[in-house]
Amino acid sequence: MFRLTFLLALGLAVSAGAPAAAQTAGTLDGGLGTLRLSASLSGATTPLTGGLHWRLFSARAEPDGSRPLIVESNDAQPTLTAPPGDYVVHVSLGLASAARRLTLGAEVRSERLTLAAGALRITGTLSGPGPSGGSPIDPSKLSIALYVPDRNNPEAKLVYSKARAGDIIGLPEGAYHIVSTFLDTVGIGSVGVSKAAGGASAPTPTNSIVAADIKVAAGKLVDVTLRHRCATVTIKLVNAPGGEALANSNFTVLTPGGDLIRDLIGAFPSLVLGEGEYVVIARHESKTYQATFEVQSGMDRDVEVVAQEGAKPEAAKPESAPPESAKPEGASQD
């Protein structure tokens, strides 16, 4: 990840201890300075309204070379108070940052820092003709990573692995490669999936992955929409079509080429799958059954595997109206 400009320029280390109590009542008698801060992208006239992290350091280094952190704030335009003295104010927006050294007296002072960078805002939507088609995707269901490409390798250098949809991410000017992975937060019956707080299944990466190449220009906010094509599938083993699900069943979901997607267990486990064709193998009481099925984006559905020995597997059909023609996953940039 890019190192902060502040640290590169000054070669400073932040003290590991707690921030100094610059705003306690004990310092009020000596007179405090008030610092009103704002930041903007280079070339922009309006201040940024979110995504900023401000830190105020003492300009005087400790014997070990570190500089104490006096106070910090995640407000877009914070008002900070500190005793008169020399300071370095630092602001970061994603991977972009700026710093300024100043002397604060017993006064009210305003400072605006300029970030020589652009910004990126990512939105995820679910494509497809179903009831959820076109709807925004909850940011918690997307894992987004940013890379700097190099020649023929779009993922040459990972620079940010925790990008969150909807956030404004500051970035130095340049070309970037975005990879968004849809996370399965349902995952009922998945084998080998860890548990999150409360006993629910932890978010699990799915095979619905969208990639996009974008360019970020200094002073510009780039909006990118990533369109995932996937749906939630519930699998059942039944004695006859429409019958009750058989308990104590094991399932393996594969691609037509035999690549393993997920192992599941239970009467009716569910999972999120990218649009496409799949094979499911069901095991119950030492017997094995198989079926093929198709996933169409935005159309959640049940898939039944009929427990009939010697029966030829048939492709499971969608239970709702035929969807629009399939479109490749992709993204749009505004």
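Here the structure is shown first, and the text comes after it.
Summarised in this report is the structure supplied together with it. (Residues numbered from 1 in each chain as written. Predicted model: local features only at pLDDT ≥ 70, side-chain atom pairs only at ≥ 80, totals over all residues. Heavy atoms only, no water.)

### Focus on the pairing of strand β22 (residues 287-295)
Side-chain direction in a regular strand flips from residue to residue, so the side chains alternate between the two faces of the sheet.
So, step 1. Where strand β21 (residues 276-284) and β22 come together, nine bridges link them in antiparallel fashion. From the neighbouring strand, glycine 276 faces β22, where its bridge partner is valine 295. (Pairing = 2+ DSSP bridges. Helix = DSSP H or I, 4+ residues; strand = E, 2+ residues; numbered from the N terminus.)

### A few points about the pairing of strand β2 (residues 33-41)
So, step 1. Within β2, eight of the nine residues are buried, which leaves it mostly tucked inside the rest of the structure.
So, step 2. With four bridges connecting them, β2 and strand β6 (residues 79-82) associate as antiparallel partners. Note that in β6 the partner of glycine 33 across the bridge is alanine 82.
So, step 3. Bridge analysis of β2 against strand β9 (residues 108-115) gives eight bridges, and the strand direction is parallel. Counterpart to serine 40 in the pairing with β9 is threonine 114. (Buried < 20%, exposed > 50% of the residue type's maximum accessible area, 1.4 Å probe, protein only.)

### Observations concerning the environment of tyrosine 278
So, step 1. Here tyrosine 278 shows up in strand β21.
So, step 2. On the basis of relative accessible area, tyrosine 278 is assigned to the buried category, the value being 4%.
So, step 3. Once the C-alpha coordinates of tyrosine 278 and proline 256 are considered, the two residues, 22 residues apart in sequence, prove to be 5.7 Å apart.
So, step 4. Residues contacting tyrosine 278, with those up to four places away along its chain left out, are Asn207, Val253, Leu254, Pro256, Ile261, Leu273, Ala291, Thr292, Phe293 and Val295.
So, step 5. For tyrosine 278, the side chain forms a polar contact with the side chain of asparagine 207, separated by 2.8 Å.
So, step 6. Among the polar contacts listed, one links the side chain of tyrosine 278 to the backbone oxygen of glycine 274, at a separation of 2.5 Å. (Contact = heavy atoms within 4.5 Å. Polar contact = N/O pair within 3.5 Å; in protein donor to acceptor, adjacent residues only side chain to side chain.)

### Topic: the packing of aromatic side chains
Note on aromatic pairs: each is described by the distance of the centres and the angle between the planes.
So, step 1. Counted according to the given criterion, the structure contains one aromatic pair.
So, step 2. A ring pair is formed by tyrosine 278 and phenylalanine 293, whose centres lie 5.6 Å apart and whose planes are at 25°; its orientation type is stacked. With tyrosine 278 in strand β21 and phenylalanine 293 in strand β22, this pair connects stretches of sequence that are 15 residues apart. Judged on exposure class, the residue tyrosine 278 and its partner phenylalanine 293 are both buried. (Phe/Tyr/Trp six-rings, centres within 6.5 Å; stacked < 30°, edge-to-face > 60°.)

### With respect to the sheet that holds strand β15 (residues 204-216)
So, step 1. Taking strand neighbours across the sheet as the criterion, the four strands line up as β12-β11-β14-β15 in an open arrangement whose pairing is antiparallel. Each end of this open sheet is capped by a strand with a single partner; those strands are β12 (153-163) and β15. Neighbour-to-neighbour, the strand axes of this sheet turn through a mean angle of 30°, independent of strand direction.
So, step 2. Pairing geometry for strand β11 (residues 142-150) and β12, over five bridges, is antiparallel. Bridge assignment links tyrosine 147 to a residue of β12, and that residue is leucine 158. (Axes fitted to C-alpha atoms, helices over the stretch in contact; angles between N-to-C directions.)

### What to know about the sheet that holds strand β23 (residues 301-306)
So, step 1. Overall, mixed pairing links the three strands, which are arranged β20-β17-β23 in an open sheet. Looking at strand neighbours, the two that pair on one side only are β20 (270-274) and β23, the edges of this open sheet. For this sheet, the mean angle separating the axes of adjacent strands, direction not counted, is 40°.
So, step 2. Relative to β20, strand β17 (residues 230-238) runs antiparallel, the two being bridged by five bridges. Residue pairing across strands places threonine 234 opposite serine 270, the latter belonging to β20.

Nothing here speaks to function; it is all geometry.
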